[in-house]
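Below, each chain spelled out in residue letters.
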Amino acid sequence: MAHSVGLMEFAQAGWTSLRREASSTVHAMGLAPLFQSGAGQQEALAYALDDPYGPDGEHGDSICDGRFSLAGDQLIARDGSDIWEMLTPSRAFAEQLHGHVWLRDVVSAPNHDGATEARRLVDTWVAKHGRWNSFIWSPSVMSLRVMNWLRAGETLFGDAAGDADNTRRRRSLLARQAKHLLRTLPIAEDGRIRLRAALAATITGLCLPGQTALQRAGMTAVAAEVTRQILPDGGHVSRAPQATAEALIDLQGLVDIAEMSGIPVPTEISRGIARLRAMVRFFQMADGGLASFHGGGEFDRGAVDHALTRTDEPIKPFGFAPHSGYHRTEAEGATVLFDVGDAPRGELSTEAHASALSIEFCTPGGRLVVNCGWHDAQTSDWREAVRATAAHSTLVLGEVSSSKILAGSWQREMMGARLVAPKGQVSARRNEGEMGIWLEGSQEGYRDRYGLSHRRRIFLAADGGDLRGEDALFRPVTDGPPDDIEVRFPFAIRFHLHPSVRASLSRDNMSALLVQTNGDGWRFRTDGGPISLERSVYLAAGAPPQRATQIVIHGEAEPFGAGDRPPNRVRWAFQRLGRIGGAVGGIE
């Protein structure tokens, strides 16, 4: 049950690294074209890929003026300077810059000729980077760029898309990139990047005339990745709500183009879409955004709604996703998401969070309890911090995370920032009754280090106005007595509040008043106090990070016991008070 990486994982990572290095060497030497046919001159796109994501016209105007704001940083290209010649402030910035995530924003710029500027930027990029480059042509960056090019459609590839020679170059390079993605698919990063690479190649094959071989090979690859990556309950294998939504949106785009072109879609894909729709609905909170777990944030609400309303076929609700590892319960507009799953394994865990037994709680008045979350618009400085257990609404024992992020320079270099956790760490139960729903989960992430297991029980009343919980630390009977019964282990139970929630402590520091933007009031109580209000940060809604508050219950656990009494058991509750208005004063 140790937090360590097995020899098989090292061997697999080493073999993958060698394959990627060999591929990079072949392409750097210019040998790859010897083993493939050229893309040739391409005709106009036969079909255009729909873009469900909402553009940011203001950002588009800024880019037209030379100000690129990406990944929380800014790069300014003015007075004729070429953005493609400039050093980028971070790797994340470079990924988004060369992934052309800004393209839809520029096209929609309200105060400029966005379409012309978008073509100019793409054409200068083609002139500079139209040949292979290990970073710019990597599957993660290239798949993102190809999808953004496809969604630009007529702006880049139509017969009226500016200069005819430049348009032909774009079409030709689009085909080259798609074939490169398909050829290097086996060495692409596992998870959503590999799935996106397969989709980008296949959709290109469907949109460009005369690409039958690319269509067939791509469709087979997509079907294989859907079978491997989409779990039986509909979640993505990364356990990230955002990755689940992205997979649904991209697959629906593939099916749209396939139907227009009369190409049959494998049953694995259509069945995968049906499962994904149900799971995206499972992750959707009352405000239309997604819950923030495992490297995702609230996401694009319009894109989520578009994906869920594409068909009149009803989505059957469910409360437990056993393969994805989440409980959901809702009552009268209140919703709780409860993380009761093991962390993803291997390369899939490089963006996963140590969030075992964390919750998010959304009420009719908006989000109340959240995790710090993540958004790709944030600076990478925050990335590792928000993966820690302390950035989630759960218990933290001994100021360490329940799963650790792989450390050590050579390990990190070979395997990436993987999350290392014991297999079979988390278990869960559910009990539904007339009064409400009980959820229970337990996790073993602290057992090796402290000899204690963590159990969390949650009850949501049928009227949605009473959320109760209990956190317990207990020593499993099978482990025998502890070596030192006098030692005490500090713990903290954290509830991160949404930035819109105003909080104030009672005079005895045993409860807090919480007021939402619509005036709804909630009282937080605990038998494990006193409690404190500490600073937090919320990243799930996009840059810049928003200041927030967290409720923290501090305590010291004994190294023994069943977790059935204090100090190893703490009870807490969020109870609705009604409309408070603008009151933010203390609680008597």
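The rules behind these values
- Residues numbered from 1 in each chain as written.
- Predicted model: local features only at pLDDT ≥ 70, side-chain atom pairs only at ≥ 80, totals over all residues.
- Heavy atoms only, no water.
- Helix = DSSP H or I, 4+ residues; strand = E, 2+ residues; numbered from the N terminus.
- Buried < 20%, exposed > 50% of the residue type's maximum accessible area, 1.4 Å probe, protein only.
- Contact = heavy atoms within 4.5 Å.
- Areas by Shrake-Rupley, 256 points an atom, 1.4 Å probe, with all protein chains shown as cover.
- Arc of directions from axis to C-beta.
- Polar contact = N/O pair within 3.5 Å; in protein donor to acceptor, adjacent residues only side chain to side chain.
- Salt bridge = Lys/Arg side-chain N within 4 Å of Asp/Glu carboxyl O.
- Core = buried A, V, L, I, M, F, W, Y, C linked by side-chain atoms within 4.5 Å.
- pLDDT = per-residue confidence, 0-100.
- Pairing = 2+ DSSP bridges.
- Axes fitted to C-alpha atoms, helices over the stretch in contact; angles between N-to-C directions.
- Parallel < 35°, antiparallel > 145°, perpendicular 65-115°, else oblique.
- Left-handed = near helix turned anticlockwise from the far one by under 90°.
- Nonpolar A, V, L, I, M, F, W, Y, C, P; charged D, E, K, R; others polar.

Novice: Help me understand the overall build of the protein chain, please; the structure alone is not making it clear to me.
Specialist: Counting its secondary structure elements, the protein chain contains 15 helices and 21 strands. Expressed as a percentage of its 588 residues, the buried residues of the protein chain come to 56%. A separation threshold of at least 6 residues defines the contact pool for the protein chain, and within that pool the share at least 24 residues apart is 69%. Total accessible area on the protein chain is roughly 24,600 Å²; 51% of this is exposed by carbon and sulfur atoms.

Novice: What exactly am I supposed to notice about unusual backbone geometry here?
Specialist: The general pattern is negative phi for most residues beyond glycine and trans for most peptide bonds. Cis geometry marks the peptide bond from Gly529 to Pro530, where omega comes out at 5°. Checked against the element boundaries, Pro530 lands in the loop between strand E18 (520–526) and strand E19 (531–538). Pro567 follows Pro566 through a cis peptide bond whose omega is 5°. Considering the arrangement of structural elements, one finds Pro567 in the loop between strand E20 (546–557) and strand E21 (569–579). Its identity as a non-glycine residue notwithstanding, Leu357 has a phi of 65°, on the positive side. Of note, Leu357 is situated in the loop between strand E5 (334–339) and strand E6 (359–363). Residue Asn509 is not a glycine yet carries a positive backbone phi of 60°. The residue Asn509 is located in the loop between strand E16 (502–505) and strand E17 (511–515) in this model.

Novice: For this particular structure, what's the right way to read helix H13 (residues 301–308)?
Specialist: At 3.6 residues per turn, the α-helix brings residues three or four places apart onto the same side. Of all the residues in H13, the buried ones are Ala303, Val304, Ala307 and Leu308. One side of H13 holds all its buried residues, which, seen down the axis, span an arc of 130°. On its buried face, H13 sits against helix H11 (241–261) and helix H12 (267–283). The N-cap of H13, judged by a side-chain oxygen 3.0 Å from the amide nitrogen of Gly302 a few residues on, is Asp300.

Novice: Help me understand the pattern of salt bridges in this model?
Specialist: Working definition: two side chains of opposite charge can pair if their charged atoms are close together. In this structure the tally under the stated criterion is 32 salt bridges. Lys128 serves as the salt-bridge partner of Glu85, at 3.2 Å between the closest nitrogen and oxygen. One end of the pair, Glu85, is in the loop between strand E2 (73–76) and helix H3 (91–98); the other, Lys128, is in helix H5 (residues 114–129), with 43 residues separating them in the sequence. Under the relative-accessibility criterion, Glu85 is labelled exposed at 52%. The exposure class of Lys128 is partly exposed, given its relative accessible area of 40%. Across the pair Arg429 and Glu440 runs a salt bridge, and its minimum N-O distance is 3.0 Å. Within this pair, whereas Arg429 is found in strand E11 (residues 426–432), its partner Glu440 is found in strand E12 (residues 436–443), the two being separated by 11 residues in sequence. Its relative accessible area of 55% is what places Arg429 among the exposed residues.

Novice: Looking at this structure, how should I read the nonpolar core?
Specialist: The nonpolar side chains of soluble globular proteins are, as a tendency, buried together. One finds Trp102, Trp149, Leu251, Leu254 and Ile269 to be the most contacted residues of the largest nonpolar core, which totals 88 residues. Of all hydrophobic cores here, the second largest spans 42 residues; its members include Leu357, Leu368, Phe495 and Leu514.

Novice: What is the right way to read the confidence of the model for the protein chain from this model?
Specialist: The predicted coordinates ought not to be read in detail in places where the model reports low pLDDT. With 89% of its residues at a pLDDT of 70 or more, the protein chain has an overall mean of 90. Overall, residues 34–38 carries pLDDT values under 50, and its contacts beyond four positions in sequence, including any with other chains, amount to three contacts. Counted against residues more than four places away or in other chains, residues 582–588, with its pLDDT under 50, gives 17 contacts.

Novice: Can you walk me through the environment of Pro544 in this structure?
Specialist: Inspection of the secondary structure puts Pro544 in the loop between E19 and E20. Along the primary structure Pro544 and Thr379 are separated by 165 residues, whereas in three dimensions their C-alpha atoms are 8.8 Å apart.

Novice: Help me out: how do you make sense of the pairing of strand E4 (residues 326–331) in this one?
Specialist: A regular strand carries its side chains on alternate faces of the sheet. Of all six residues that make up E4, five are buried, and the element is covered over most of its length. When strand E3 (residues 320–321) meets E4, the two strands line up antiparallel, connected through two bridges. When the sheet's bridge partners are listed, Ala321 is paired in E4 with Tyr326. Between E3 and E4, which follow one another and run antiparallel, lie four residues, and Gly325 among them has a positive phi close to 85°. For E4 and E5, the ladder comprises six bridges, and the chain directions are antiparallel. Its bridge partner lying in E5, Glu330 is registered against Thr335. In this antiparallel pair of consecutive strands, E4 and E5, the connection spans two residues, and Glu332 shows a positive phi of 50°.

Novice: Before we go on, may I ask you to explain the sheet that holds E18 in this structure?
Specialist: Two pairing modes exist for strands in a sheet, parallel and antiparallel, and in both the strands are linked by backbone hydrogen bonds. Ordered in space as E11-E12-E13-E14-E21-E18-E17-E16, the eight strands form an open sheet in which the pairing is antiparallel. Strand pairing shows two members of the sheet lacking a second neighbour, E11 and E16, which therefore form its edges. On average, adjacent strands in this sheet sit at an angle of 15° to one another, irrespective of strand direction. Note: strand E13 (residues 453–461) against strand E14 (residues 466–474), eight bridges, orientation antiparallel. Looking across to E14, one finds that Arg455 is bridged to Ala472.

Novice: I tried to follow the packing of helix H9 (residues 192–207) against H11 on my own but got confused; where do I start?
Specialist: A pair of packed helices is captured by two measures, namely the crossing angle of their axes and the spacing between those axes. Following both chains from N to C, one finds H9 and H11 inclined at 15°, their axes separated by 10 Å at the closest point. One element, H9, and the other, H11, form an angle in the roughly parallel class. The handedness of the crossing between H9 and H11 comes out as left-handed. On H11, the residues that touch Arg192, Leu195, Arg196, Leu199, Thr202, Ile203, Leu206 and Cys207 of H9 are Gln242, Ala243, Glu246, Ala247, Asp250, Leu251, Leu254, Ile257, Ala258 and Ser261. Split by residue class, the contact of H9 with H11 holds 11 nonpolar, three polar and four charged.

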